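Spelled out from the first residue to the last, the chains are:
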Amino acid sequence: MDALLSFPSERILVPLLAVASAALVAYVALQLPGWTRHVSQRLLSSLFKNKTAAKEAALEESQPIIVTKELDFPPDWWTSRKLFKLEKRAIMSKIWLHVCHSSLFKKAGDYRAFQIADSSFFVVLGKDGRLRAFHNICRHRAYSVVTKSEGSCLVMRCKYHGWSYDTQGKLIKAPKFEDNQGFSKSDNNLFEIRTFIDSSGFLYANFDIYGSDGLTIRVGVPIRARLTLVESWSVEANFNWKFAVPSGAFRVSSLTYLNKFAELLTQASGLFESWTWPTEFELSPLTRLMRSSNGEYWLTVTVIPVSELKSTIQCSFYSSRTESKAALQVTAAKQEVDESVKKLEMSFADVSTSGEIPDAASQEPLLAEIKAHSRLERLMSAEVHPASRMRDTSQACKVADDLCRELEVAADKKAPALSGLDRLAW
């Protein structure tokens, strides 16, 4: 009885196994040439790479090291005042500079003033929700429009003669000028500076009126949290700004340490060349952004050139959370930034005397930019100031001077006893 029951299943199973075996053999037979060819190509490629690497290594050992003259640095690379002035024209006036984070501006009229090299400017949030940057220069007598480092005002009034501007930089009031023939408010708006906000909300400014983008970085940093400024501070430093440009010049281990999970990912990243666990980003040639391993804290460190021997280190500490631990992190970050500044000052004291370039690779892009601008000035037979608005400013001042003289004549006719000091006061 059992044999009769198992007989139909065996009668069906055996042919199926035979068909499956035949199909498998046929598949292997068809794929075998391709597999063989792939393996052989991999082996040949590996052997070729090894032979090529060996030949290149032998060639490098047999040939002398050649140093080209094109990349030679001037002996006073760190200390020249003349070179520093050229750097302000060739680099500071042309590159995209990190300014701050857009989260600092909450409502229309909020503004912040900045000073980088010779450029005084401010950023203000307009009623249309757009951030704009302007030179902090009144179009009448070049007096400062805003005098505080930060504030909030929908109408910015110059204290010298009362010229007033709105949040879009438009001149809306010019006492004693508005009714004069030939005077146009639209011709006397504030000088606007190009701005850019990256995907993470960091704000950049470029002073070049010709629109070039020298040494452009402008990378978006993957921040998935809303940042809140915890504290900003600055440190005065006795070294040339270029000396602090290389990556890793400021070590803040209390912020950039890796937790156990991050360490494992970092070790594993050696197997995946396209993936890394970055803790430091370059926002611009003057600014580094450091992040904590958990992404809760962020620190920007900006080197602001002051002179050929002095710099200001501007730091801003951000947090994605509002908690008491942030204050402790700020204290630790301040201490480590101070220590980094002291180490840089000690190292700079040595290289400023010897003229040594410790990290030439980080300085070569700066040297190339300076050389290019220097060649342009030789062709023009004059200094080239990319951020200068002197031509427009001179024209505006000429119009203002003419109107001032007309008003003074009118004042003398109507009130002969009016003193010269009183005339200047208006």
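Parameters and conventions
- Residues numbered from 1 in each chain as written.
- Predicted model: local features only at pLDDT ≥ 70, side-chain atom pairs only at ≥ 80, totals over all residues.
- Heavy atoms only, no water.
- Phe/Tyr/Trp six-rings, centres within 6.5 Å; stacked < 30°, edge-to-face > 60°.
- Helix = DSSP H or I, 4+ residues; strand = E, 2+ residues; numbered from the N terminus.
- Buried < 20%, exposed > 50% of the residue type's maximum accessible area, 1.4 Å probe, protein only.
- Lys NZ or Arg CZ within 6 Å of the ring centre and 35° of its normal.
- Pairing = 2+ DSSP bridges.
- Axes fitted to C-alpha atoms, helices over the stretch in contact; angles between N-to-C directions.
- 1 Å grid on protein atoms, 1.4 Å probe; cavity = no way out; pocket = protein on both sides within 12 Å on 5 of 7 lines; lining within 4 Å.
- Points joined across faces, edges and corners; volume = space filled by probe spheres on them.
- Nonpolar A, V, L, I, M, F, W, Y, C, P; charged D, E, K, R; others polar.

A. Representation of the packing of aromatic side chains within the structure. Across all of its chains, the model carries 15 aromatic pairs by this definition. The interplanar angle of 85° and the centroid separation of 6.4 Å between the aromatic rings of Trp78 and Phe348 together place this pair among those described as edge-to-face. Here Phe348 lies in helix α5 (residues 325-354) and Trp78 lies in the loop between α1 (2-62) and α2 (81-92), a separation of 270 residues in the sequence. For Phe348, a relative accessible area of 5% translates into the label buried. A network of ring pairs unites the aromatic residues Trp78, Phe243 and Phe348 as a single cluster. Lying over the aromatic face of Trp77, Lys242 brings its terminal NZ or CZ to 4.7 Å of the ring centre.

B. Spotlight on the pairing of strand β2 (residues 110-116). Along β2, five of the seven residues are buried, which leaves the element largely enclosed by surrounding structure. Taken together, the three bridges between β2 and strand β5 (residues 150-152) define a ladder with antiparallel strand orientation. Bridged to Tyr111 within β5 is Gly151. As defined by bridge partners, β2 adjoins strand β3 (residues 119-125) across six bridges and the pair is classed as antiparallel. Of the residues in β3, the one forming a bridge with Gln115 is Ser120. Between β2 and the antiparallel strand that follows it, β3, lie two residues; Ala117 among them carries a positive phi value of about 55°.

C. View of the sheet that holds strand β6 (residues 155-157). In space, the three strands of this open sheet follow the order β6-β7-β8, with antiparallel pairing throughout. Strands at the two margins of the open sheet, each flanked by one partner only, are β6 and β8 (171-173). Sheet twist, expressed as the mean angle between neighbouring strand axes with direction ignored, is 40°. In this sheet, strand β7 (residues 164-166) lies alongside β6 in antiparallel orientation, the contact comprising three bridges. Counterpart to Arg157 in the pairing with β7 is Ser164.

D. Molecular detail of the layout of surface pockets. If you add up the space inside the second largest pocket, you get close to 390 Å³. Taken together, 19 residues make up the lining of the second largest pocket; nearest its centre are Val99, Ala113, Phe114, Gln314 and Ser316. Listing elements by their share of the lining of the second largest pocket, those giving two or more residues are β1 (97-101), β2, β11 (228-237), β14 (297-305) and β15 (311-319). Considering every element that reaches the lining of the second largest pocket, the biggest residue donor is β2, with five residues. Considering only residue class, the lining of the second largest pocket consists of nine nonpolar, eight polar and two charged.

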